[in-house]
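# Notes for the structure review
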Amino acid sequence: MNNILNKNINVLGIETTCDETAAAIVSLNEKGESNLLSNIVHSQYNEHSKFGGIVPEVAARSHLKNISFIVAEAIKQANISNEEVNAVSVSCGPGLIGGLLVGSMFGKAYSLSKSIPFIPINHLEAHILSPRLFQNIDFPYLALLVSGGHTQLLYVEDLDKISRIGTTLDDSVGEAFDKASIILDLGWPGGKNIEKAAENGDPQSYNLPRPMIKRNNADFSLSGLKTALFRIAEKETLNKKVKSNLAASFQSAATDVIEDRCLNAFKIIKKINNNCKNFVVVGGVAANKVIRKRLTNLSKMKNFSPYFPPVEICTDNGAMIAWNGIEKILKYGISNINDPDFEPRTRWPLDPMAKPIRNAKEPR
Ligand code: KG4
Ligand code: ZN
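## Some details on the overall build of the protein
- A count of helical and extended segments in the protein gives 11 helices and 10 strands.
- Its C-alpha atoms give the protein a radius of gyration of 20 Å, within 12% of the compact-globule value 21 Å for 364 residues.
- Along the longest, intermediate and shortest principal axes, the C-alpha atoms of the protein span 60 × 50 × 40 Å.
- Here the protein, with 364 residues, has 57% of them falling under the buried criterion.
- Across the protein, every contact between residues at least 6 apart in sequence was considered, and the portion connecting residues at least 24 apart equals 72%.
- For the protein, the accessible surface area stands at approximately 16000 Å², while carbon and sulfur atoms represent 49% of it.
- On the protein, the mean spot of the 42 positive side-chain charges and the mean spot of the 37 negative ones are 6 Å from each other.

## Structural notes on the pattern of salt bridges
- Taken as a whole and judged by the stated rule, the model has 17 salt bridges.
- A salt bridge links Glu 125 to Lys 328, with the shortest nitrogen-to-oxygen separation between them at 3.9 Å. Taken as a pair, Glu 125 in helix α4 (residues 123-129) and Lys 328 in helix α11 (residues 319-332) lie far apart in primary sequence, 203 residues in all.
- Here Asp 256 makes a salt bridge to Arg 294, at a shortest N to O gap of 2.5 Å. Taken as a pair, Asp 256 in helix α8 (residues 240-272) and Arg 294 in helix α9 (residues 289-301) lie far apart in primary sequence, 38 residues in all.
- A relative accessible area of 24% places Arg 294 in the partly exposed class.
- Through salt bridges with shared partners, a single network forms among Asp 171, Glu 175, Lys 179 and Lys 226.

## Focus on the domain arrangement of the protein
- Each assigned domain of the protein is listed here: domain 1 (9-129 + 313-336) and domain 2 (139-308).
- Of note, the centres of domain 1 and domain 2, computed from C-alpha atoms alone, are 27 Å apart.
- On the side of domain 2, 21 residues touch domain 1, which itself brings 19 residues to the contact.
- In this assembly, domain 1 packs against domain 2 so that about 1600 Å² is buried in total across both faces, 69% of it on carbon and sulfur atoms.
- Inspection of the region where domain 1 meets domain 2 yields two salt bridges.
- Put simply, Asp 160 and Lys 328 hold a salt bridge, and the shortest N to O gap is 3.2 Å.
- If you look at where domain 1 meets domain 2, you find seven residue pairs in polar contact (both at pLDDT 80 or more).

## With respect to the site of ligand 1
- Near ligand 1 you find 20 residues, and of these Gly 148, Asp 178, Gly 191, Glu 195 and Asp 316 are the closest.
- Gly 149 places a main-chain nitrogen or oxygen 3.0 Å from an oxygen atom of ligand 1.
- If you list the elements that add at least two residues to the shell around ligand 1, you get α4, α5 (173-183) and α6 (190-198).
- Considering every element that reaches the shell around ligand 1, the biggest residue donor is α6, with four residues.
- Taken together, the residues that form the shell around ligand 1 break down as four nonpolar, 12 polar and four charged.

## Details of the coordination of the zinc ion (ligand 2)
- Protein ligation of the zinc ion (ligand 2) involves His 123 (NE2), His 127 (NE2) and Asp 316 (OD), the donor distances falling in the range 2.0 to 2.1 Å.
- One chain supplies every donor to the zinc ion (ligand 2), and in sequence these donors are spaced H-x3-H-x188-D. Linking His 123 with His 127, this pair stays in helix α4, spanning four residues, or about one helical turn.

## Structural notes on the pairing of strand β7 (residues 151-158)
- Of all eight residues making up β7, six are buried, and the element is well covered by its neighbours.
- Linking strand β6 (residues 141-146) back to β7 in an antiparallel pair, the connection comprises four residues.
- Relative to strand β8 (residues 161-167), β7 runs antiparallel, the two being bridged by six bridges. Residue pairing across strands places Tyr 155 opposite Ser 163, the latter belonging to β8.
- Adjacent in sequence and paired antiparallel, β7 and β8 are bridged by two residues, among which Asp 160 carries a positive phi angle near 60°.

## Topic: the sheet that holds strand β5 (residues 118-121)
- Taking strand neighbours across the sheet as the criterion, the five strands line up as β3-β2-β1-β4-β5 in an open arrangement whose pairing is mixed. With partners counted over all chains shown, the strands left at the sheet margins are β3 (34-43) and β5, one partner each. Taken over all neighbouring pairs, the strand axes of this sheet differ in orientation by 15° on average, direction set aside.
- Here seven bridges tie strand β1 (residues 9-15) to strand β2 (residues 20-28), and the two strands are oriented antiparallel to one another. Note that in β2 the partner of Gly 13 across the bridge is Ala 24.
- Where helix α2 (residues 56-77) meets the sheet, it contacts β1, β2 and β3, and its direction lies at approximately 25° from that of β2.

## Describing the sheet that holds strand β9 (residues 278-282)
- Strand order in the open sheet formed by five strands is β8-β7-β6-β9-β10, with mixed pairing between adjacent strands. Unpaired on one side and paired on the other, β8 and β10 (305-307) mark the two borders of the sheet. Each strand axis lies, on average, 25° off the axis of its neighbour in the sheet, ignoring direction.
- Sheet topology note: the β6/β7 ladder contains six bridges and is antiparallel. The residue of β7 that forms the bridge with Leu 142 is Tyr 155.
- Across the sheet, α9 touches β6, β9 and β10, and the angle it forms with β10 is around 155°.

Criteria and thresholds
- Residues numbered from 1 in each chain as written.
- Chains lettered and ligands numbered in written order.
- Predicted model: local features only at pLDDT ≥ 70, side-chain atom pairs only at ≥ 80, totals over all residues.
- Heavy atoms only, no water.
- Helix = DSSP H or I, 4+ residues; strand = E, 2+ residues; numbered from the N terminus.
- Rg over C-alpha atoms; globule rule 2.2 N^0.38 Å.
- Buried < 20%, exposed > 50% of the residue type's maximum accessible area, 1.4 Å probe, protein only.
- Contact = heavy atoms within 4.5 Å.
- Areas by Shrake-Rupley, 256 points an atom, 1.4 Å probe, with all protein chains shown as cover.
- Lys, Arg positive; Asp, Glu negative; His and termini not counted.
- Charge placed at Lys NZ, Arg CZ, Asp CG, Glu CD.
- Salt bridge = Lys/Arg side-chain N within 4 Å of Asp/Glu carboxyl O.
- Domains from an automatic or database assignment.
- Buried area = accessible area lost by both parts, 1.4 Å probe.
- Polar contact = N/O pair within 3.5 Å; in protein donor to acceptor, adjacent residues only side chain to side chain.
- Near = heavy atom within 4 Å.
- Nonpolar A, V, L, I, M, F, W, Y, C, P; charged D, E, K, R; others polar.
- Donors = N, O, S within 2.8 Å, 3.2 Å for Na, K, Ca; no water.
- Pairing = 2+ DSSP bridges.
- Axes fitted to C-alpha atoms, helices over the stretch in contact; angles between N-to-C directions.

Next comes the structure, spelled out in structure tokens:
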């Protein structure tokens, strides 16, 4: 990658869209080599777990309380000074408005006080570009974004040039894991807990549905799977063995659905561009080892090269936000990306031309 600046730059990334207050420093040297210098994440799990889900007001207050410290810590651990930060990238949507206001106002104040550019970042785009911080992955590629808020299959031609080829019609995969975990009384957030419980379970012990399988598109539907799990769980005594078996059966059904939807996406992508051979999997659910393994095998079978970010970069973090800022600097030039008037957006679809789902006014 060309570094059009011909000097070393450090970008501060700030993430506050949901329930993580996070900041990171990514540097890019004269040779165009990137380096993650620090990555600080404060997860609000403990603050929300007693409610069984994210409470927006609690999230906003927690971001406000922690942001200064998290940013200071990211700069300290990167072993640089405030004067050595050349730009600040901030996740400006989609997300919860309280967190978006805290992150964007902090970032704007920081950029003004240091006279450096403020770069608004789309959180979803940051997930999708995140593997490029660690590996050389050329555009175009197919991306599977599986997070708590979104489940989408996307054709990524370039920065800011992304088309949606599949989406969920109801719950996201992450949401399904979170709800399954609550049904099985395994705590919140659920993805990690379901994966752990499933390690000791038999994935064939319960027969759960695989919604959308064999449908001739790349869309998802997961609410029926969650309801089926609920119906079985309410009849069972939820001891450790039963929980493990149900968690394993749920994870296996969800993975079968993901695999089948990706198979269709591979076919769709080949029709759009037969030379598209890269496949990236991102978002919190991409941290799941079973899903990583199954999708790795599937892509290899279908002649796609699979890429995943490191596990700690799958869930929300500042590193991917800083990296997206660097991608923008490289594409548009550092003097063209300052946008201090950008208003944070609770909804910010990657593909504004995609069809809204059901009665929605705009796509997600
Ligand atoms: O990307 P992310 O941190 O936040 C959003 O942008 O939404 O994703 C969070 C989601 C949660 O639903 C969480 O349960 C899920 O990712 N998740 C997992 C795992 N780790 C996190 N799902 C399955 N297996 C995991 N190991
Ligand atoms: Zn996310």
